[in-house]
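Structure at a glance
Residue strings, one per chain:
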Protein chains: 2
Amino acid sequence: MPARASSKTSESSDKVSVICRALRRAIIEQALEPGAKLPEDALGERFGVSRTIARHALGQLAAEGLVELRRNRIAVVATPSWQEARDAFDIRIELERLVVRQLAGKLTKAQIAELNAHVDAEDRARGGTDAVSIRLATEFHILLAHMTNSPILVRYVSEVAYRCCLTLSLYSRPHSTECAINEHRALISALAKGDAAKVMELMHHHLDSVANRALVAPTPQRGRDLLDILAPYADEVASDRVVKLPKVARRS
Amino acid sequence: MPARASSKTSESSDKVSVICRALRRAIIEQALEPGAKLPEDALGERFGVSRTIARHALGQLAAEGLVELRRNRIAVVATPSWQEARDAFDIRIELERLVVRQLAGKLTKAQIAELNAHVDAEDRARGGTDAVSIRLATEFHILLAHMTNSPILVRYVSEVAYRCCLTLSLYSRPHSTECAINEHRALISALAKGDAAKVMELMHHHLDSVANRALVAPTPQRGRDLLDILAPYADEVASDRVVKLPKVARRS
DNA sequence: AGCGCTCCAATTGCATGCAGTTTGGCGGTC
DNA sequence: GACCGCCAAACTGCATGCAATTGGAGCGCT
């Protein structure tokens, strides 16, 4: 039996959805860095819609964990902590093991061709920016999820993969794409062979190594947000001996 | 090392969030059945807010998969197909295995007491309605997720657990709570013992048996929506030989 | 009856307006 | 110069209003 094929997936073509897609892409390509401000009327003006719509879009993205929404404050692109990043990868590993378990040996020739075509695209993009490589690599995984034809699985894999994207831009050292591409090819061929256990193991290792390459260590100095950097020290401030800190300008 | 303790979890106390919580609860307690209509102004009037807010709340719930939003149409409580229900349970199993893996042997005495107290509450509620039992059972799992102190994990477990609640109300035979309660107790004691593999196995079996008890079979006649029943036949319509169907009244 | 058409009430999609809150800078004081 | 309070600009929270779309009642035709 071939893997279930195609379904209606997409967000409707609301103005809200359009803005969501645009912002999502801007975020995962790091055009918008974590912490970037997202004022409602600026967005509205930029996309030619009212604040109501921009606001609604921000709400959706907040539900996906890509932006942070604080009452009466300007929304910002989410800045996951190192621990959250690690948690996201752990969840992602489990979800994607499930994906390949369902897919092993059930892909049609057309689907395998589609996967290979995508990896070819990744290959061609090697000359480009890191951001594009990361986006393509992420989209490979989302493409896989789509092939399960389980809308829920697609949604969760997409979300968590986007979040991982976000953290890569925060904590990653300069990305090395080669190995990821090779691992993608290995995944495809294992999927075609149909050994579920093997391909789950491959996926596990693939994501784990991406996570380990990326989340080098709890290195607070690479975290962009002063609040995060200072978080571990906050306890001392709360306790008896207050540590005096020199005045530091917030990254504007 | 004890499991990480407590964090800021909550939705802010927006009007939007209040309505979300109210609707979510109404849905999982089956006060609102799958397919129930949710007109924006009716909600607004009921909760004493404008349509804007009600609309926003519906958007959030749609992002969680609890309501379905079709352009220019009245929003309705989601009606997952049998397959989607099964998929949701599969995902849930993986996520909750992850939860107990992280928690095994790392719970504080206070946390174990909290869990036991919750199961006691489940026990006391056995005389009440099924809806309340189901809600409490679900909240037990969410409570566990909270103890991992991983906001992402909490979010996903909560969402998928709510979706499972929803499907239980659709496809389940009259609920038998006894065994679930016993299994919850077994989980707690295994968590306290700290054998990760054992407790993962317990959780897997627990959820799987709930799913199997609930999702009795792909019995389309119990599915509420004609469209779902006919979905498998849609392919034929698309192909060469068009199947003529007698006119049937839609469930109003 | 059964079928198709028209038209109106119900409902959504979206923009705008107003009130309340936060931010950041400016001037005053030490 | 450093600190503090005040004020205007910026921004969000929310309600309301208007145009566009939908669904279904009513009605005529076969």
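Overview of the structure. Computed from a predicted model, the values in this text were never measured in an experiment.

The next thing to look at is the protein's contact with DNA strand C. Surrounding DNA strand C, one finds 17 residues, the nearest of these being S50, T52 and R73 of chain A together with R51 and R55 of chain B. Backbone atoms, meaning sugar and phosphate, make up 67% of the atoms of DNA strand C lying within 4 Å of the protein. Side-chain polar atom of T52 of chain A to a base oxygen of DNA strand C: 2.9 Å apart, as the coordinates give it. Separating a base oxygen of DNA strand C from a side-chain N or O atom of R51 of chain B is a distance of 2.7 Å. When residues of the surface near DNA strand C are traced back to their parent elements, those giving at least two are helix 3 (51-64) of chain A together with helix 2 (40-47) and helix 3 (51-64) of chain B. Sort the elements by how many residues they give to the surface near DNA strand C and helix 3 of chain A lands first, with three residues. For the surface near DNA strand C, the residue count by class is four nonpolar, four polar and nine charged.

With that out of the way, let us pick up the protein's contact with DNA strand D. In the neighbourhood of DNA strand D, 17 residues make up the surrounding shell, with R51 and R55 of chain A together with S50, T52 and R73 of chain B lying closest. Here, DNA strand D places atoms within 4 Å of the protein, and 68% of those atoms are sugar or phosphate. The contact in question runs from a base oxygen of DNA strand D to an N or O atom on the side chain of R51 of chain A, over 2.7 Å. Between R55 of chain A and DNA strand D, the recorded distance is 2.3 Å, taken from a side-chain N or O atom to a phosphate oxygen. At the level of elements, helix 2 (40-47) and helix 3 of chain A together with helix 3 of chain B are the ones that each hand at least two residues to the surface near DNA strand D. The element best represented in the surface near DNA strand D is helix 3 of chain B, accounting for three residues.

Counted under the stated rule, the structure contains 32 salt bridges over all chains. The closest approach of N and O atoms between R25 of chain A and E29 of chain A, which form a salt bridge, is 3.4 Å. Look at R25 of chain A and you get partly exposed, because its relative accessible area is 45%. Exposure remark for E29 of chain A: the relative accessible area of 23% places this residue in the partly exposed category. The residue D14 of chain B makes a salt bridge to R71 of chain A at a minimum N-O spacing of 2.8 Å.

Looking now at helix 1 (residues 15-28) of chain A. Residues and elements named next belong to chain A. The end-to-end C-alpha separation of helix 1 is 20 Å, in line with the 20 Å expected for 14 residues at 1.5 Å each. All of the buried residues along helix 1 are V16, S17, I19, C20, L23, R24, A26, I27 and I28. In this structure, the buried residues of helix 1 make contact with helix 2, helix 3, strand 2 (67-68), strand 3 (75-77), helix 6 (130-147) and helix 7 (151-171). The positive-phi residue at the C-terminal boundary of helix 1 is Q30, with phi of around 65°.

The rules we used
Residues numbered from 1 in each chain as written. Chains lettered and ligands numbered in written order. Predicted model: local features only at pLDDT ≥ 70, side-chain atom pairs only at ≥ 80, totals over all residues. Heavy atoms only, no water. Near = heavy atom within 4 Å. Polar contact = N/O pair within 3.5 Å; in protein donor to acceptor, adjacent residues only side chain to side chain. Helix = DSSP H or I, 4+ residues; strand = E, 2+ residues; numbered from the N terminus. Nonpolar A, V, L, I, M, F, W, Y, C, P; charged D, E, K, R; others polar. Salt bridge = Lys/Arg side-chain N within 4 Å of Asp/Glu carboxyl O. Buried < 20%, exposed > 50% of the residue type's maximum accessible area, 1.4 Å probe, protein only. Expected span 1.5 Å × (residues − 1). Contact = heavy atoms within 4.5 Å.

The values are spatial; any link to function lies outside them.
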